[in-house]
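Breakdown of the fold
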Amino acid sequence: MLKLTSRLLAAAAVATAAIVGVTASPALAATYDTGHIDVLDVDYSGGTVTLDMRTYSPANDDVSPAANSIRLHPLTAYDLVVASSTGSWPCVGALNSTVYVAPASVPSGDTRVWPGWNTEDVSTANRPVTIELVSVSGPGHVTLYNMTGLPAAPSVVLSSSSASGCAKSSFSIGSTPHGHANWAFSTPGNYQITFKATVTGGASSGNVVYNFTVG
């Protein structure tokens, strides 16, 4: 049996206390911690591929991943209870562990950040677009996954997990240019995640570093 239960507010406070002493994030222009944001926003024009972040509130805008950050608050902490090691659950978290999740979608009124990807500014002729997870620097691993609901096993999109059979370093964005997944972090703290986008035809963004603070 698989069960994903929200931690209580008091437990969230404990999670906050647990990260005391973690090296502070570098000074950045802005931190995005609520609402819809396309973390992996790919633009292609004049032979140049750009990988940035697209915001939707207060306005649609492209912002620099290097100069800004994304934060998952302690209330994004979940207890992951895995009664079986089968399927892809170990890629998300270890048995009876706590993971920190930015969800693929949120109900009305929910202010948690929910990150996605976007290749709407890449012509059809230059799709699919390949997103590569180049490296993860931080206290734990990150896994992007989708699912249709418990007890279904998650479908891994990307993962830096060292668990057997979990590592997945790239995925393709094809005819559906805008999508979302759950972003799960195994440990609170500061992460620098390097991505690269390559369009059909071979043009690439090169390595782009993103800043995440978890907890």
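The preceding data block contains the structure.
Below is a summary of the structure that appears in this document. Since the structure is predicted, the reported quantities are computational estimates derived from the model, not experimental observations.

Attention now moves to the sheet that holds strand S14 (residues 178-180). Taken together, five strands build an open sheet; the order of strands is S5-S4-S3-S9-S14 and the sheet is mixed. Strands with a single pairing partner mark the edges of an open sheet, and in this sheet they are strand S5 (61-63) and S14. Averaged over neighbouring strand pairs, the angle between their axes works out to 35° when direction is ignored. As defined by bridge partners, strand S3 (residues 35-45) adjoins strand S9 (residues 113-121) across seven bridges and the pair is classed as parallel. Counterpart to glycine 35 in the pairing with S9 is valine 113.

A separate point is the state of the cysteines. Per the counting criterion, the structure on display carries one disulfide. Here cysteine 91 connects covalently by a disulfide to cysteine 166, the sulfurs 2.1 Å from one another. Given an S-S torsion of about -80°, the disulfide between cysteine 91 and cysteine 166 has left-handed geometry. Within this pair, whereas cysteine 91 is found in helix H2 (residues 89-92), its partner cysteine 166 is found in the loop between strand S12 (155-159) and strand S13 (170-173), the two being separated by 75 residues in sequence. Note on cysteine 166: relative accessible area 3%, which makes it buried.

Turning our attention to the nonpolar core. The biggest cluster of nonpolar side chains holds 38 residues, and the ones touching the most others in it are Leu40, Ile131, Trp183, Phe185, Phe195, Tyr210 and Phe212. If we skip the residues at most four places from it in the chain, tyrosine 210 touches Val39, Leu40, Leu51, Asp52, Met53, Pro65, Tyr191, Gln192, Ile193 and Phe195. Tyr78, Trp89, Val101 and Ala184 belong to the second largest nonpolar core, which has eight residues in total.

Let's shift gears to the environment of tryptophan 89. Mapped onto the secondary structure, tryptophan 89 falls in helix H2. Look at tryptophan 89 and you get buried, because its relative accessible area is 2%. Linking tryptophan 89 and tyrosine 145, residues 56 residues apart in sequence, is a C-alpha distance of 9.8 Å.

On to unusual backbone geometry. Cis geometry is found at the peptide bond from arginine 127 to proline 128, where omega equals 5°. Tracing the backbone shows proline 128 in the loop between S9 and strand S10 (129-137). Not every positive phi belongs to a glycine, and asparagine 96 is a case in point at roughly 60°.

The next subject is the pattern of salt bridges. Per the stated rule, a full pass over the model turns up six salt bridges. The partner of arginine 54 in a salt bridge is aspartate 41, and the shortest N-O contact between them spans 3.6 Å. In this pair, arginine 54 is assigned in strand S4 (residues 48-55) and aspartate 41 in strand S3, connecting sequence segments 13 residues apart. With a relative accessible area of 0%, aspartate 41 lands in the buried category. Arginine 54 is paired through a salt bridge with aspartate 121; the nearest N and O atoms lie 2.6 Å apart. One end of the pair, arginine 54, is in strand S4; the other, aspartate 121, is in strand S9, and 67 residues separate them in sequence. Where salt bridges share partners, they join Asp41, Arg54, Asp62, Glu120 and Asp121 into one cluster.

A few words on the environment of threonine 55. Of note, threonine 55 is situated in strand S4. Separated by 16 residues in sequence, threonine 55 and valine 39 place their C-alpha atoms 8.4 Å apart. What threonine 55 contacts, discounting residues up to four positions off in sequence, is Tyr32, Ile37, Asn60, Asp61 and Val63.

This structure, assessed with the given rule, holds seven aromatic pairs. Through pairs of rings, three or more aromatic residues link up here, namely Trp183, Phe185, Tyr191, Phe195, Tyr210 and Phe212.

What counts and what doesn't
- Residues numbered from 1 in each chain as written.
- Predicted model: local features only at pLDDT ≥ 70, side-chain atom pairs only at ≥ 80, totals over all residues.
- Heavy atoms only, no water.
- Pairing = 2+ DSSP bridges.
- Helix = DSSP H or I, 4+ residues; strand = E, 2+ residues; numbered from the N terminus.
- Axes fitted to C-alpha atoms, helices over the stretch in contact; angles between N-to-C directions.
- Disulfide = S-S within 2.5 Å.
- Buried < 20%, exposed > 50% of the residue type's maximum accessible area, 1.4 Å probe, protein only.
- Core = buried A, V, L, I, M, F, W, Y, C linked by side-chain atoms within 4.5 Å.
- Contact = heavy atoms within 4.5 Å.
- Salt bridge = Lys/Arg side-chain N within 4 Å of Asp/Glu carboxyl O.
- Phe/Tyr/Trp six-rings, centres within 6.5 Å; stacked < 30°, edge-to-face > 60°.

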